[in-house]
Amino acid sequence: MRRTPLAILFFPLVLFIWLFGNQMEETPIENVGRQVYLVQTQDYPVERAKSWRYEVRVLAGADSTADYVGKRAYLYLGKDSTRALPNRGDTLLVRTEWRDAGVLGTFDYSRYLRRQGIMGTGYASSYNWHQYGVCQSAPRDGKWLQHILRQRYVELGFSGHVLQTLSAMTLGYKEDLDNDLRERFQRAGAAHLLAVSGLHTGILFAMIMGLLTCFGLRKPYLWQTKRRWIVGCSAIAFIWLYAVITGMSASVTRSAIMLTVLQIGILLRRESVSLNSLLAAGICILVVRPQELWSVGFWLSMMAVAGIFLLAVPVQQHLPYYHGPVGKVANYVQGLIVVSVAAQIATLPITLYCFGTTSNYFLITNLLLIPLAGVVIGAGLGSLLLGTVPLIGPIVVKCTGWVVEWTNTVITTIESLPGSVSVIRTDARMMVLLYAAMVFGYLSIKKNNWW
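As the structure is a computational prediction, the values presented were derived from the model and not from experiment.

**Considerations on the packing of aromatic side chains**
Part 1 of the argument: Tallied over the full model, the rule gives six aromatic pairs.
Part 2 of the argument: Between the aromatic rings of Tyr37 and Trp98, the centroid separation amounts to 5.6 Å while the plane-to-plane angle is 55°, which identifies the pairing as tilted. Within this pair, whereas Tyr37 is found in strand 1 (residues 35-41), its partner Trp98 is found in the loop between strand 5 (91-96) and helix 2 (109-115), the two being separated by 61 residues in sequence. As far as the burial class goes, Tyr37 and Trp98 line up, both buried.
Part 3 of the argument: Note on Tyr153 and Phe158: the rings are 5.7 Å apart at their centroids and 85° apart in plane angle, and the pair reads as edge-to-face. As far as the burial class goes, Tyr153 and Phe158 line up, both buried.
Part 4 of the argument: The ring of Trp52 has Lys79 sitting right over it, with the charged end atom 5.6 Å from the ring centre.
Part 5 of the argument: The side chain of Arg83 reaches across the aromatic face of Trp129, ending 3.8 Å from its centre.

**Concerning the nonpolar core**
Part 1 of the argument: One finds Tyr153, Phe158, Leu171 and Phe185 to be the most contacted residues of the largest nonpolar core, which totals 31 residues.
Part 2 of the argument: At the level of secondary structure, the elements contributing two or more residues to this core comprise helix 3 (142-155), helix 4 (160-171), helix 5 (179-187), helix 12 (362-386) and helix 13 (392-415).
Part 3 of the argument: Judged by nonpolar contacts, the second largest core, of 18 residues, contains Leu286, Leu293, Trp294 and Phe309.

**Examining a nonpolar patch on the surface**
Part 1 of the argument: Together, Val329, Tyr332, Val333, Ile337, Val341, Ile345, Ile364, Leu367 and Leu368 make up an exposed nonpolar region whose accessible area comes to about 670 Å².
Part 2 of the argument: Of all the elements in the fold, those that place two or more residues in the nonpolar patch are helix 11 (324-354) and helix 12.
Part 3 of the argument: By relative accessible area, which is 37% here, Ile345 ends up partly exposed.

**Brief notes about empty space enclosed by the protein**
Part 1 of the argument: Evaluation of the coordinates by the stated rule reveals one cavity of 30 Å³ or more.
Part 2 of the argument: Put simply, the largest cavity is a space of about 40 Å³.
Part 3 of the argument: What lines the largest cavity is Trp52, Leu77, Gly78, Lys79, Asp80, Arg83, Ala84, Leu85 and Trp129.
Part 4 of the argument: The residue makeup of the lining of the largest cavity, split by class, is five nonpolar, one polar and three charged.

**Some points on the pattern of salt bridges**
Part 1 of the argument: By the definition in use, this model includes five salt bridges.
Part 2 of the argument: The shortest N-O distance in the salt bridge between Glu55 and Arg72 comes to 2.9 Å. One end of the pair, Glu55, is in strand 3 (residues 51-60); the other, Arg72, is in strand 4 (residues 72-78), with 17 residues separating them in the sequence.
Part 3 of the argument: Its salt-bridge partner being Asp180, residue Arg184 comes within 3.0 Å of it at the nearest N-O pair. Here Arg184 pairs with Asp180, and both are found in helix 5, just four residues apart, close to one helical turn.
Part 4 of the argument: Residue Arg184 is classed as partly exposed on the basis of its relative accessible area, which comes to 24%.

**Concerning the layout of surface pockets**
Part 1 of the argument: Estimated volume of the second largest pocket: approximately 540 Å³.
Part 2 of the argument: Along the wall of the second largest pocket there are 16 residues; nearest its centre are Leu204, Ile208, Phe238, Leu381 and Leu385.
Part 3 of the argument: Secondary-structure elements contributing two or more residues to the lining of the second largest pocket are helix 6 (198-212), helix 7 (224-245) and helix 12.
Part 4 of the argument: Tallied by class, residues from the lining of the second largest pocket come to 14 nonpolar, two polar and no charged.

**Some details on the environment of Val376**
Part 1 of the argument: Following the sequence through the fold, Val376 ends up in helix 12.
Part 2 of the argument: Judged by its relative accessible area of 1%, Val376 falls in the buried class.
Part 3 of the argument: Sequence separation between Val376 and Met169 is 207 residues, and the spatial gap between their C-alpha atoms is 7.7 Å.
Part 4 of the argument: Not counting chain neighbours up to four residues away, the residues in contact with Val376 comprise Leu166, Met169, Thr170, Val403, Val404 and Thr407.

How each quantity is defined
In this convention, every chain numbers its residues from 1, walking through the sequence in written order. Totals for whole chains, interfaces and linings use every residue, but because this is a predicted model, local features are given only for residues with pLDDT of at least 70 and side-chain atom pairs only at 80 or more, for both listing and counting. With hydrogens and water stripped out, all remaining heavy atoms of the structure feed into the side-chain values. Side-chain rings of Phe, Tyr and Trp, where Trp is taken by its six-membered ring, are said to pair if the distance between their centres is within 6.5 Å; with planes under 30 degrees apart they count as stacked, over 60 as edge-to-face, and otherwise as tilted. Elements are defined by DSSP. Helices are runs of H or I of four residues or more, strands are runs of E of two residues or more, and each kind is numbered from the N terminus. With a 1.4 Å probe rolled over the protein chains alone, any residue whose accessible area is under 20% of its type maximum counts as buried; one over 50% counts as exposed, and the rest are partly exposed. In this scheme, Lys NZ or Arg CZ marks a charge over a ring once it lies within 6 Å of the ring centre and within 35 degrees of the ring normal. We define the nonpolar core as a collection of buried residues of types Ala, Val, Leu, Ile, Met, Phe, Trp, Tyr and Cys that are connected through side-chain atoms lying within 4.5 Å of one another. Here the term patch refers to residues with relative accessible area over 30% and no salt bridge, with like charges joined within 9 Å and nonpolar side chains (Val, Leu, Ile, Met, Phe, Trp, Tyr) within 5 Å. Computed with the Shrake-Rupley method and a 1.4 Å probe, the accessible areas treat only the protein chains shown as cover for residues. For this document, the term salt bridge refers to a Lys or Arg side-chain nitrogen within 4 Å of an Asp or Glu carboxyl oxygen. Here a cavity means grid points, on a 1 Å grid over the protein atoms only, where a 1.4 Å probe fits yet cannot get out; a pocket means an open set of points with protein on both sides within 12 Å along at least five of seven lines; lining residues are those with an atom within 4 Å of a point. Grid points are joined across faces, edges and corners, and a volume is the space filled by probe spheres set on the points. Gly falls in the polar group here, along with every residue not listed as nonpolar (Ala, Val, Leu, Ile, Met, Phe, Trp, Tyr, Cys, Pro) or charged (Asp, Glu, Lys, Arg). By definition in these notes, contact holds between two residues if any of their heavy atoms fall within 4.5 Å.

Functional significance is not addressed by these values, which are geometric in nature.
Structure representation (structure tokens):
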């Protein structure tokens, strides 16, 4: 029986959300001036240059602000070393004025926030807010666990750019990344390393499978069928635990769904269809969180994986396979090059449209940093588990700090090379035309219609 491609479901779903997305979008706020509101913090404080940012929900307000009740917003509290910061779940009385976030360059940041359910932003100086109530127990969810693990990094002695890079690459905690570090990674073509995504999930999945199978060094002590199911189900459970730790972000959720679908297919001895697995993950994410349709990260990740499936896999099948220890290194390098080029081609139109720049040394970056990323993830998780163990813990923490410093040094070196970035600005029509040209070129090559 022929399988029905999930594209039949995916693209109508995208079209439906696009057409009716305005109904899910928060309405533009009306300026009623500075008023007093009762708000509740929804997350932990995020440090900015001169303030602390909170996501809050408006609980009450004056009669003229009744439309704001129940809405979510970003509240910026001015820094004041003499006052303790509110925690997650605390209620505050604030005197502020809600405003649209405005436009950043050509990017309509205000509309983007409204599509994420955020009505606007407000600012309150240190003498314009008062703590009204204290939350006795914060919700025990992914954000709580993510915050606890990041605090453990702080207790182990990590700080500065090392802490920021380590928290972003292992926990998906990017709120405290400063603009300088973000720009370095972006100019070097390594911005994807700061967002926990399919790369990080795949590295962790490979580590888990290796540990559960003893890296193939020992024969299984159970029957082959039972062993396969135990290993497969345990790996799936670990991946979803990691997704919870990283806050169930769209990229990690999509990767977890894809790995789950593929692993179940292996356990059932079914033929796996990679592109269908990608579309199945996309459908699940859009059904649960339709606003992800307007997320740049969602489309970058989807197109990167699609490019790997459609371009890298067929090309690798025609490349020579080398044997021996040196051959394994050569196979790894050529595979990494093919995957990097395929992902870069597939995401280039979106990158040029959204950011207007592209890295010229992405191949060097990926060849050097993807292996380092695996070491950083392993060392970071090892520090969380063994950081307080006598004798072993300090060594693991010290080595982790060195690896992260090396990673930042490599990023700085690549970013400082001449001609590291090309500035090419395109509009939405050019992006569509570029993808149309890619599709026609792909189909022509696949059917040998070279003319």
